[in-house]
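Here are the chains, one letter per residue:
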Amino acid sequence: MLKIYNTLAREKQEFVPLVAGRVRMYVCGMTVYDHIHMGGARMLVAFDVVQRWLRASGYDVTYVRNITDIDDKIIKRAQEIGEPIEALTARFIAAMDEDSAALGIEKPDFEPRATEHVPGMVKMIETLEHNGLAYRAPGGDVNFAVRKFPDYGKLSGKSLDDLRAGERVDVVPGKQDPLDFVLWKTAKEGEPYWESAWGKGRPGWHIECSVMSSALLGNHFDIHGGGQDLQFPHHENEIAQSEGANQEKFVNTWMHNGFVRVMKGEMSEKMSKSLGNFFTVREVLARYDAEVVRFFIVRAHYRSPLNYSDQHLDDAKHALTRLYTALKGVDAVAGPVDWNNPYAARFRDAMNDDINTPEAVAVLFELANEVNKTRSTERGKLLRSLGGVLGLLQRDSIAFLQAEHVAMEHETALPIRPIRGPNVIQPAIEQDTALPIRPILGGQYTAETILQLIAERASARKSKNFEEADRIRKELLDAGIVLEDRPDGTTDWRRS
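None of the values given here were measured: they were computed from a predicted structure.

> Mind showing me how you'd approach the sheet that holds strand 10 (residues 251–257) here?
What holds strands together in a sheet is hydrogen bonding between their backbones, with the strands either parallel or antiparallel. The strand order across the open sheet formed by four strands is 4-3-9-10, and the pairing between neighbours is parallel. Single-partner strands in this sheet number two, and they are strand 4 (60–68) and strand 10. Going across the sheet, the axis of each strand differs from the next one's by a mean of 20 degrees, ignoring polarity.

> Which parts of the structure should I look at to understand the packing of aromatic side chains?
Aromatic ring pairs are defined here through the distance separating the ring centres and the angle between the ring planes. One pass over the full model with this rule turns up 14 aromatic pairs. Seen in terms of ring centroids, F144 and F149 are 6.4 Å apart; in terms of plane orientation they differ by 70 degrees. Their pairing is edge-to-face. Here W184 and W198 contribute two aromatic rings whose centre-to-centre distance is 5.6 Å and whose plane-to-plane angle is 50 degrees, an arrangement assigned as tilted. With W184 in strand 7 (residues 181–186) and W198 in the loop between strand 7 and strand 8 (201–203), this residue pair connects regions lying 14 residues apart in the sequence. By the burial criterion, W184 is buried, and W198 matches it. Cation over ring: R91 sits above F92, and NZ or CZ is 4.7 Å from the ring centre. Taking the ring centre of Y5 as reference, the NZ or CZ of R303 above it sits at 4.2 Å.

> So what exactly am I meant to see when it comes to the environment of L313 here?
Mapped onto the fold, L313 is located in helix 10 (residues 310–327). Along the backbone, L313 and R287 are 26 residues apart, and their C-alpha atoms lie at a distance of 9.9 Å. Setting aside chain neighbours within four positions, we find L313 in contact with V284, Y288, V292, V293, F296 and Y308.

> What is the right way to look at helix 10 in this model?
Residues that lie three or four places apart on an α-helix share one face, since the helix turns once every 3.6 residues. With 18 residues, helix 10 should cover 26 Å at 1.5 Å per step; its first-to-last C-alpha distance of 26 Å lies within 8% of that length. Positive phi shows up at G329, right after helix 10, with a value of about 80 degrees.

> Whenever I open this one, the sheet that holds strand 6 (residues 142–144) confuses me. Can you help?
Read across the sheet, four strands follow the order 5-6-7-8 without closing on themselves; strand pairing throughout is antiparallel. Of all strands in the sheet, those bounded by a partner on one side alone are strand 5 (134–136) and strand 8. Along the sheet, successive strands turn relative to each other by an average axial angle of 25 degrees, direction set aside. For strand 6 and strand 7, the ladder comprises three bridges, and the chain directions are antiparallel. By the bridge assignment, F144 is partnered in strand 7 with F181.

> Can you help me understand the pattern of salt bridges in this one?
Pairing between side chains of opposite charge can happen when their charged atoms approach one another. Within the structure shown, the criterion is met by 28 salt bridges. A salt bridge links D72 to K185, with the nearest nitrogen and oxygen atoms 2.4 Å apart. Separated by 113 residues along the polypeptide, D72 in helix 2 (residues 72–81) and K185 in strand 7 bring together distant segments of the chain. For D177, the salt bridge identified is with R147, shortest N-O distance 2.6 Å. Within this pair, whereas D177 is found in the loop between helix 5 (160–166) and strand 7, its partner R147 is found in the loop between strand 6 and helix 5, the two being separated by 30 residues in sequence.

> In this structure, what is going on with the side chain of S100? I would like to understand it.
Position of S100 relative to the elements: it lies in helix 3 (residues 85–102). Excluding residues within four positions of it along the chain, S100 makes contact with I36, L44 and I105.

> Teacher, can you tell me more about the nonpolar core here?
Note on soluble globular proteins: their nonpolar side chains tend to be buried together. Membership of the largest hydrophobic core comes to 129 residues, with the highest contact counts inside it found for L54 and F347. Counting residues per element, this core draws most heavily on helix 1 (residues 38–56), at 11 residues. Excluding residues within four positions of it along the chain, F347 makes contact with W53, W339, A360, V363, L364, L386, V389 and L390. Grouped together as the second largest cluster of nonpolar side chains are eight residues, I472, A479, I481 and L483 included.

> Explain the packing of helix 9 (residues 290–298) against helix 10 here, please?
Between helix 9 and helix 10, whose axes approach to 9 Å, the crossing angle comes to 105 degrees. Classified by the angle between their axes, helix 9 and helix 10 sit roughly perpendicular to one another. In contact with E291, V292, V293, F295 and F296 of helix 9, helix 10 contributes H312, L313, A316, K317, A319, L320, L323 and Y324. Its residues assigned to classes, the contact of helix 9 with helix 10 comprises 10 nonpolar, one polar and two charged.

> Just to check I follow, could you spell out the pairing of strand 7 for this structure?
Each regular strand displays side chains that alternate between the two surfaces of the sheet. Examined bridge by bridge, strand 7 and strand 8 share three bridges and lie antiparallel to one another. Considered in strand 8, the bridge of K185 is made with R202.

What counts as what
Residues numbered from 1 in each chain as written. Predicted model: local features only at pLDDT ≥ 70, side-chain atom pairs only at ≥ 80, totals over all residues. Heavy atoms only, no water. Pairing = 2+ DSSP bridges. Helix = DSSP H or I, 4+ residues; strand = E, 2+ residues; numbered from the N terminus. Axes fitted to C-alpha atoms, helices over the stretch in contact; angles between N-to-C directions. Phe/Tyr/Trp six-rings, centres within 6.5 Å; stacked < 30°, edge-to-face > 60°. Buried < 20%, exposed > 50% of the residue type's maximum accessible area, 1.4 Å probe, protein only. Lys NZ or Arg CZ within 6 Å of the ring centre and 35° of its normal. Contact = heavy atoms within 4.5 Å. Expected span 1.5 Å × (residues − 1). Salt bridge = Lys/Arg side-chain N within 4 Å of Asp/Glu carboxyl O. Core = buried A, V, L, I, M, F, W, Y, C linked by side-chain atoms within 4.5 Å. Parallel < 35°, antiparallel > 145°, perpendicular 65-115°, else oblique. Nonpolar A, V, L, I, M, F, W, Y, C, P; charged D, E, K, R; others polar.

Quick look at the structure:
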């Protein structure tokens, strides 16, 4: 039986969907004003694994992941670079789709955009106003009256007084309480707007997900997910809006993935744009194979911190190489899983324990050891099939092991992004040069070149010119090319 850690209950709970055999899941998606960074990638991969496991478990899943395409950050970025908002968001949505596809992230069943649901947002705000939970501020905004919703704070587990003391809450003129949040913003000169009973304006960020989720999944559904940073205030505010408007429970199970942390020596800090210590997916994929990056994310538990460094990614590459090496020469393709198999049963038990991917990956390595020993096609097939549940091990093993890593193709003109430190804004730099690119070992050695050098080495060994043979082997090894020698000669090679 599947158990999931429910943030609302602060414990693992047996997962029982509202409708037997059916799961309705909503995840807060990306705000499309920049390229996805690794924190966003972690969220996308984490919930991709969740929905894959739900489907593998036999559930009929409706998976919704929204796109925020109107927001203060989007407006500001469009004004900074002089690009129409529609063009800016369309460009970054396309980039998001490219990055997601590279990481093996399946498209959700529905991907609503905020701008498509503004009428529904206006309607919900009107309902909240009618229910006495929203009020018009003197400046024209409409705010949610937090103290009039008795259950506010139940997701974060804090009282209103605790929240005021522990959170930095800006005092905005016109708010009855600093914790009150905006539902409708009056449009400023030159900003996009929609007509409403409160004049020209646009919805606040929090109201978007309340409306998009209920429009596609109903007022009460099974799972709501997102990054840990959204627990408060975004998800807390969603609960207040949705339950305040609809007068019924909003979500049964809340799931939150942990932060990505950047290593600085032996210390680490949260990856964030405000600290200027973030890496975009495109920057990372210019240096590492996309499946390696996915494996790096998947093998950590979704709720745990994920430490990011070159060493961690290198370790992930070596580990994934071990799995593909086990499959080399085994004629195995993924297929239906026999869950009665002991390895499959242990994999299932791990995934049913709050999506415990570290334990599930450990099963893959034990199975890989058996494949290495037995060269069993059936066990190789099971290894591929279980890997496929996690979105891994679906490539030809030789193709993976011999692949020459090539950076993703980028747009010809990437936008300038400022790198912000805690107290300073540094000069803007080009996206492509935001990180020093480490040379890819073996990049100048094509498969044809490698085979030619192997042939030259074999000829040198045959003529007992071992010095030349050793020189060629060292040349290849220095370039990250590992030869596999056996008594009958060099039988294969791979990129290390």
